[in-house]
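# Structural description and commentary
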Amino acid sequence: MRLTTTLSALAIMAAGAVSAADVVDITYSDTVPENDPRSEILKTAFGECLGEGFNFKAYHGATLFKQGTELTAMQRGNLDMGNLAIFDFYNQVPSTSVLGTPFLFRDYEHMRAVYSSDVLADLEAEIEAQAGVKILAYPYIGARHLGYKGDKQIMTPADLEGVKLRMPGGEGWQFVGSAMGATPVPVAFTEVYTALQTGAIDGQDNGFPATYSMKFHEVMDYIGTTSHLIAANEFTMSLDKWNSLDAAQQAKVQECADNFEAALDASTLQLEKDLRTKIEESGVKVYMPDNAAFQEHVLGVYRDSKYSEQWPEGLVEAIQAVK
């Protein structure tokens, strides 16, 4: 009897050891603060979704890897997953710069339709081949709009002539402003409020959350919902890590990545809606410009510039054709 009990106990212990050995460890890093709602969404929509077969360890606030170093860390085998920005790929996969082009997407629905289609399949394959990572999802993080002081609505690029539009520093950002028809002015983010107040600049191009949190709406009259940059992160896993998973594990990771994408999309859209309402209630007039005119003009400027040199042939047109 004692021998049977002992053997049973050993069998249970052995089964437990095998089960523990089968658990997949996934280490993740991003720059979002741990107390940010996005971190909680990641924990629940992705981490808890994975279940007992995975041990998901997330490091937030750039505590494990500094911003911009996550891709290299994945390539070196020091990190399994990260939530990257498209510009993180520019140096290694220059063709990805097409996804950072202003007015590439008409609106959120168009952006989501593009990412849900197979139109980017060749580009994603190129990323896997050249960067050694797999993009699992494209969670939406918000759109940028045209906010400014003045006494009339800006409807087309021609209306922006002579308007001093604050853009982040850097040649690429400054080109966004000039391509839209404005006179771009580099101003530090923390100095935008004062610059608007004093007239050093006429406008800025942040989304509703940043505009509200920094109180830019207090010194603006209009916001044109240009949505000129509709931003989504690249929720990414090391290709070596992905290939180490069996088919069932890969399916589970992809299911939970899709779950995270949907949850963050919903949260971001609701936040934008709520803050738009608060900004409108403060007296700022929010309206939609002639975005088709902006899109045609800006994409034309980009096509004639050095910034289109690495675009995959026909991809912009294929993206535009997605309904």
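A few points on the structure. Predicted model, so just to flag it, every value in this text is computed and none were measured.

Rules used in this analysis
Residues numbered from 1 in each chain as written. Predicted model: local features only at pLDDT ≥ 70, side-chain atom pairs only at ≥ 80, totals over all residues. Heavy atoms only, no water. Core = buried A, V, L, I, M, F, W, Y, C linked by side-chain atoms within 4.5 Å. Buried < 20%, exposed > 50% of the residue type's maximum accessible area, 1.4 Å probe, protein only. Contact = heavy atoms within 4.5 Å. Phe/Tyr/Trp six-rings, centres within 6.5 Å; stacked < 30°, edge-to-face > 60°. Helix = DSSP H or I, 4+ residues; strand = E, 2+ residues; numbered from the N terminus. Lys NZ or Arg CZ within 6 Å of the ring centre and 35° of its normal.

With that out of the way, let us pick up the nonpolar core. Core analysis: the biggest nonpolar cluster contains 52 residues, and Phe-89 and Leu-99 have the highest contact counts within it. Beyond its immediate sequence surroundings of up to four residues, Leu-99 is in contact with Ile-86, Leu-104, Tyr-115, Leu-120, Leu-123 and Ile-319.

So, about the packing of aromatic side chains. Scanning the model with the defined rule gives 15 aromatic pairs in all. On the basis of an interplanar angle of 15 degrees and a centroid distance of 5.4 Å, the ring pair of Tyr-148 and Tyr-222 is categorised as stacked. Of this pair, Tyr-148 sits in strand 5 (residues 140–148) while Tyr-222 sits in strand 9 (residues 222–232); the two residues are 74 residues apart in sequence, bridging distant segments of the chain. An identical accessibility class is assigned to Tyr-148 and Tyr-222; each is buried. Between Tyr-302 and Tyr-307, the aromatic rings sit 6.0 Å apart at their centres with planes inclined by 50 degrees, giving tilted as the arrangement. Judged by relative accessible area, Tyr-302 falls into the buried class, the value being 5%. The exposure class assigned to Tyr-307 is partly exposed, which follows from its relative accessible area of 23%. Here the aromatic cluster, defined as three or more aromatic residues joined through ring pairs, consists of Tyr-28, Phe-46, Phe-56, Phe-235 and Phe-260. The ring of Tyr-59 carries the charged tip of Lys-57 above its face, separated from the ring centre by 5.5 Å. The ring centre of Tyr-222 lies 5.5 Å from the NZ or CZ of Lys-285, which sits over that ring.

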